[in-house]
Amino acid sequence: AIESFLSKVEQEEEFIAAVIGFNEFPHTHGRTLVGSNREIVREYWFEVDTGDARIAGQDGFVILHVHFAGKWHELRDQRDRSTISQINIRHTARREEDA
């Protein structure tokens, strides 16, 4: 999916993707990390204008998870986001009204 998404961004002048929201939360690596050992993840939601369900699912949403090397802190300004450790891209599977 990420190759298709990046290819569309790179090749098409008319490709439109708008950030519609984001959220930041502690990542536990399957509950193996707790407390201040948890890592930071920021999730961005994009609405993508494309007819290709492989890129943005049936409803046109792409979710980008950005994992940071810094540790989670309850205070937002205390979270170290200086190093990105991983990026994952996903899309929704079906339209909200069909879920």
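Since the structure is predicted, the reported quantities are computational estimates derived from the model, not experimental observations. (Residues numbered from 1 in each chain as written. Predicted model: local features only at pLDDT ≥ 70, side-chain atom pairs only at ≥ 80, totals over all residues. Heavy atoms only, no water.)

A. Quick look at the overall build of the chain. Within the chain, the regular secondary structure consists of two helices and four strands. The linear arrangement of helices and strands in the chain, starting from the amino end, is α-β-β-α-β-β. Per-residue burial for the chain yields a buried fraction of 33% across its 99 residues. Contacts in the chain between residues at least 24 apart in sequence constitute 56% of all its contacts with a sequence separation of at least 6. Of the roughly 6800 Å² that the chain leaves accessible, carbon and sulfur atoms contribute 48%. (Helix = DSSP H or I, 4+ residues; strand = E, 2+ residues; numbered from the N terminus. Buried < 20%, exposed > 50% of the residue type's maximum accessible area, 1.4 Å probe, protein only. Contact = heavy atoms within 4.5 Å. Areas by Shrake-Rupley, 256 points an atom, 1.4 Å probe, with all protein chains shown as cover.)

B. Spatial organisation of the pattern of salt bridges. All chains considered together, the criterion is met by five salt bridges. In this structure, Glu24 and Arg79 form a salt bridge, with 2.6 Å as the shortest nitrogen-oxygen distance. Remark: Arg79 occurs in the loop between β3 (61-71) and β4 (84-91) and Glu24 occurs in strand β1 (residues 16-27); sequence separation between them is 55 residues. Of the two residues, Glu24 and Arg79, neither departs from the other in class, the shared state being buried. Through salt bridges that share partners, Glu24, Arg42, Arg79 and Arg81 make up one connected network. (Salt bridge = Lys/Arg side-chain N within 4 Å of Asp/Glu carboxyl O.)

C. Focus on the confidence of the model for the chain. Mean pLDDT for the chain: 83, with 77% of residues reaching 70 or above. When mean pLDDT is compared element by element in the chain, β3 scores highest at 92, while helix α1 (residues 2-11) scores lowest at 68. (pLDDT = per-residue confidence, 0-100.)

D. Fine view of the packing of aromatic side chains. For the structure shown, the criterion picks out two aromatic pairs. On the basis of an interplanar angle of 35 degrees and a centroid distance of 6.0 Å, the ring pair of Phe22 and Tyr44 is categorised as tilted. Taken together, the positions of Phe22 in strand β1 and Tyr44 in strand β2 (residues 39-49) put the pair 22 residues apart, joining distant regions of the chain. Of the residues examined, Phe22 reaches a relative accessible area of 46% and is grouped as partly exposed. (Phe/Tyr/Trp six-rings, centres within 6.5 Å; stacked < 30°, edge-to-face > 60°.)

E. The arrangement of the side chain of His67 in detail. Mapped onto the fold, His67 is located in strand β3. Polar contacts involving the side chain of His67 include one to the side chain of Asn88, which spans 3.2 Å. Beyond its immediate stretch of four places on either side in the chain, His67 contacts His27, Ile40, Val41, Thr83, Ile84, Ser85, Gln86 and Asn88. (Polar contact = N/O pair within 3.5 Å; in protein donor to acceptor, adjacent residues only side chain to side chain.)

F. Focus on the nonpolar core. If you look at the biggest cluster of nonpolar residues, it comprises eleven residues: Ile40, Phe46, Val48, Ile55, Ala56, Val62, Leu64, Val66, Phe68, Trp72 and Ile89. Of all elements in the fold, only β2, α2 (53-56) and β3 reach the threshold of two or more residues within this core. At four residues, the largest contribution of residues to this core is made by β3. (Core = buried A, V, L, I, M, F, W, Y, C linked by side-chain atoms within 4.5 Å.)

G. Structural detail: unusual backbone geometry. Positive phi outside glycine occurs at His29, with the angle close to 50 degrees. Structurally, the position occupied by His29 is in the loop between β1 and β2. The phi torsion at Arg31 lies on the positive side, around 70 degrees, for a residue other than glycine. Within the element layout of this structure, Arg31 appears in the loop between β1 and β2.

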